[in-house]
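Here are the chains, one letter per residue:
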Amino acid sequence: MTAKAYLCRCSQEINLNGHKLYDRLCKNTHQIESYQIVSCFNDQIEGEDIFVSPTLMVNIQHSILPDRVIDQLIEAEQKRFDNVQVKGFNYKIEPDVIIVSKDRECINDFLSTYAGVLNITPILLEKAFSKDIYSGELVSIEGNLNNYRLSVLMPYPVDFTKCSHCGNCVMCCPEKCIDESLTFKMYKCSYCGECEKNCPEEAVDIHRYNEVNLQAPQIVIDENIKIDMPHDRRGIHGFNDYKDLFKNIGQYRVNEYIIHVSEVCQYHVGFDRGCKRCLNVCTTGAIKKDKDSLVVDHFLCSDCGACVAVCPTGAMQYAPFSDKLFMDYLNGIDIQGLQIVFANEETLKRFHWHNIGKRFNRTLFIEHPNPAALNIMQLMYLFNRGVKKVLLQKTENNLKYEHQFINNIIRQLFEKDVFIDIFDLENLDNPSEESGLIEVDSNHRPEYRFRGYTFSVILKDLFEKSKKDVLTIEDPQERFCLIDCIGEKCSLCLACVNVCKVGAIKAVEEDFSLRIKPSECINCGLCADLCPEKALTIKIIGDINESFFEEKLLAHDEPLRCKRCGKVFGNKKVYDEVIRRLISVGLFEEKGKFLHLCEDCRVIAMIEGGFEGDNNV
């Protein structure tokens, strides 16, 4: 069976063979103009304008699903291919390498073996000077693959811009530590100074050292050398094992799978405060602090998806299946009562060949390049849509505590033992006929603003459907908290509102109040850390009830009215705090004279030369 796609302007259906595309024309001989979706794997067909769908391939071959679901799946796959935009760039690693050793023979052996293949810069770690090799003390190694930087402190006893090669230094050296090539073996030197005294050109200074900085894509270093290594060691090799050195050389296509959306990121680079979940979980050092926000070094990134899975705001997105694309994709499919399997194409292909002729009732297979990047919002969305069970491909990067967190919530609310489980390639069974599916409105499609907001909407909906009074939270990420405000301290300066990019804290202009939606707060701590009055406190909570989803008043104030026209132009707490600070530094007469007036009246009063109204001081 092959997928059907609507391809030409007269809307005729044509069948596309899963292994070969036979006819490029419809029944009315119209040229195909829009899209082609072929139900096969990528290694089974070629063509730049053909969309290959492993998802359709596996579902058509192995699922028992209603025809309408297959039709919906075709449309969803088409939209998915339309909207996925993964950027990339070419990356080249040159055959340049720095080798570092204390053994000159070891360096010579490497040079004699690979000098014609690699561009080699040798560093001999001994207290000596030679014109043909870098030698000295290794100070530091920094950087990453394709950009390692080494600092070497080298003896530099001869200034060759002055040296006349007279040979006096060689002849007068009592320790014979200078040879005819003007190589200085400083480890033999007694620093008697005879070479300096006998140099007619004053070119010799045995106490002179230069720090030399060298750069190369890769390094081969003696395993016995003790020095702090950089986080990225993919291009650092030992003399006993450097086979990966040659594997790394070449030109690569680097795809930008992990995207950082700074607009909703709750990490403040300048203060080094806020949410650091992605930084803490990244094992390759690919997430870095730039001038204004976090950035992803895509060459260092292993695309494990862990940062996406733990990010509570949606600032970290997996480009091939972003949050919005994920929801748009599944919004058009009737998934209630289905078992959904997420796996990459390689796993689905192996599954197909191990299960030829076998079908699975009410099971939907979805090709996901990296199921480990699925986050709690996406997985909870599936449950709220009435999905019976989610099976994930087993990888080294599965975040078990995220899955346990969701399973624990669902177990408490609906007494369902396991909602998320690991996909077993060999032993996938047909779903059981167990009852107990939650009653959901299949038309419920929460709006996607950012990940935390959508998760809050879903959790609230599930909490109301469960009719439970309390939900106990067991979350190692500590996302759930309550923020309190000491009202008499708060000046309503709105610093907290300005740093809350997710909008959990809001300023309500109508009544000059500060309010928070606890369920939308991700416990980044920025508001409390940056509050100038230290009026905000944060408390981690273990239980939530219906009030957790309601807006809470933090602080409020009286409106400030212009003394001339009566217009409201601020609030009293801010005004009083500004006046207090001006008086404390003796600047009230200069800066505070017209602060009791609105912007318009202030200009008029300054032109008139003053205003005799009460200034509220």
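Remember, it's a predicted structure, so these values are computed and weren't measured experimentally.

The rules we used
Residues numbered from 1 in each chain as written. Predicted model: local features only at pLDDT ≥ 70, side-chain atom pairs only at ≥ 80, totals over all residues. Heavy atoms only, no water. Helix = DSSP H or I, 4+ residues; strand = E, 2+ residues; numbered from the N terminus. Buried < 20%, exposed > 50% of the residue type's maximum accessible area, 1.4 Å probe, protein only. Contact = heavy atoms within 4.5 Å. Areas by Shrake-Rupley, 256 points an atom, 1.4 Å probe, with all protein chains shown as cover. Polar contact = N/O pair within 3.5 Å; in protein donor to acceptor, adjacent residues only side chain to side chain. Axes fitted to C-alpha atoms, helices over the stretch in contact; angles between N-to-C directions. Left-handed = near helix turned anticlockwise from the far one by under 90°. Nonpolar A, V, L, I, M, F, W, Y, C, P; charged D, E, K, R; others polar. Pairing = 2+ DSSP bridges. Disulfide = S-S within 2.5 Å. Lys, Arg positive; Asp, Glu negative; His and termini not counted. Salt bridge = Lys/Arg side-chain N within 4 Å of Asp/Glu carboxyl O. Phe/Tyr/Trp six-rings, centres within 6.5 Å; stacked < 30°, edge-to-face > 60°. Lys NZ or Arg CZ within 6 Å of the ring centre and 35° of its normal. Patch = residues over 30% accessible without salt bridge, like charges linked within 9 Å, V, L, I, M, F, W, Y side chains within 5 Å. Charge placed at Lys NZ, Arg CZ, Asp CG, Glu CD.

What to know about the overall build of the protein
Helix and strand counts for the protein come out as 18 helices and 35 strands. In the protein, buried positions account for 49% of the 617 residues. Relative to all contacts within the protein whose residues are 6 or more apart in sequence, the contacts with residues 24 or more apart total 68%. For the protein, the exposed area adds up to about 31000 Å²; of that, 47% sits on carbon and sulfur atoms.

Let's talk about the environment of D179
By secondary structure assignment, the location of D179 is in the loop between α4 (168–172) and α5 (194–197). Each C-alpha atom of the pair D179 and S130 lies 10.0 Å from the other, and the pair is 49 residues apart in sequence. Here the side chain of D179 touches S181 through a polar contact of 2.7 Å, side chain to side chain. Here T183 takes part through its backbone nitrogen, which lies 3.0 Å from a polar atom of the side chain of D179.

A few points about the packing of helix α11 (residues 376–384) against helix α13 (residues 451–466)
It is at 9 Å that the axes of α11 and α13 come closest, and there the two elements cross at 35°. Handedness of the crossing formed by α11 with α13: left-handed. Together, I376, M377, M380, Y381, F383 and N384 of α11 and R451, T454, F455, I458, L459, D461, L462 and K465 of α13 make up the contact between the two elements. Its residues assigned to classes, the contact of α11 with α13 shows nine nonpolar, two polar and three charged.

Some words on the sheet that holds strand β12 (residues 209–216)
The sheet built from three strands is open, its strands ordered β10-β11-β12 with antiparallel pairing. Two strands in the sheet have a free side with no partner beyond their single neighbour: β10 (137–144) and β12. Each strand of the sheet is rotated relative to its neighbour by a mean of 15°, with strand direction disregarded. Bridge count between β10 and strand β11 (residues 147–155): seven bridges; the pairing is antiparallel. Each bridged residue has a counterpart across the sheet, and for E142 the counterpart in β11 is R149.

Describing the state of the cysteines
Counted under the stated rule, the structure contains zero disulfides. With no disulfide of its own, C521 lies 3.6 Å from the sulfur of C481, the closest cysteine sulfur.

Notes on the side chain of E256
Structurally, E256 can be placed in the loop between β15 (250–255) and β16 (258–260). Of the buried charged residues, E256 lacks a salt bridge, with K87 as the closest side chain of opposite charge at 5.8 Å. Each residue touching E256, except ones within four places of it in the same chain, is listed here: V86, K87, G88, F89, H298 and A319.

A few points about the side chain of N59
By the secondary structure assignment, N59 is in helix α1 (residues 54–62). With relative accessibility at 1%, the residue N59 sits in the buried group. Ignoring any residue separated from it by four or fewer positions in sequence, one finds N59 in contact with L65, I70, L73, T363, L364 and F365.

Side note on the sheet that holds strand β26 (residues 420–423)
Pairing between the strands of a sheet comes from backbone hydrogen bonds, and it takes one of two forms, parallel or antiparallel. Across the sheet, four strands lie side by side as β24-β22-β25-β26; this open sheet has parallel pairing. Here the strands that pair on one side only, and so sit at the sheet edges, are β24 (363–367) and β26. Within this sheet the neighbouring strands show an average axis-to-axis angle of 25°, counted without direction. Direction of pairing for strand β22 (residues 339–343) relative to strand β25 (residues 389–393): parallel, over a ladder of four bridges. Note that in β25 the partner of Q339 across the bridge is K389.

Thoughts on the packing of aromatic side chains
Applying the stated criterion to the full structure yields 26 aromatic pairs. Joined through ring pairs, the aromatic side chains of F405, F455, F463, F480, F548 and F549 make up one cluster. The ring of Y453 carries R449 above its face, with NZ or CZ at 4.1 Å from the centroid. The lysine or arginine in question, R479, covers the ring of F405, its NZ or CZ lying 5.2 Å from the ring centre.

A closer look at a negative patch on the surface
Taken together, the side chains of E464, D469, E546 and E550 make up a negatively charged region of the molecular surface. For E464, a relative accessible area of 49% puts it in the partly exposed group.

What about the pattern of salt bridges?
Taken as a whole, this structure holds 27 salt bridges when the rule is applied. With a shortest N-O distance of 3.9 Å, K92 and E94 are connected by a salt bridge. The partly exposed category is assigned to K92, whose relative accessible area is 48%. With a closest N to O distance of 3.6 Å, R449 and E447 form a salt bridge. For E447, a relative accessible area of 47% puts it in the partly exposed group. Among the charged side chains, a network of salt bridges with common partners joins E77, R80 and E367.

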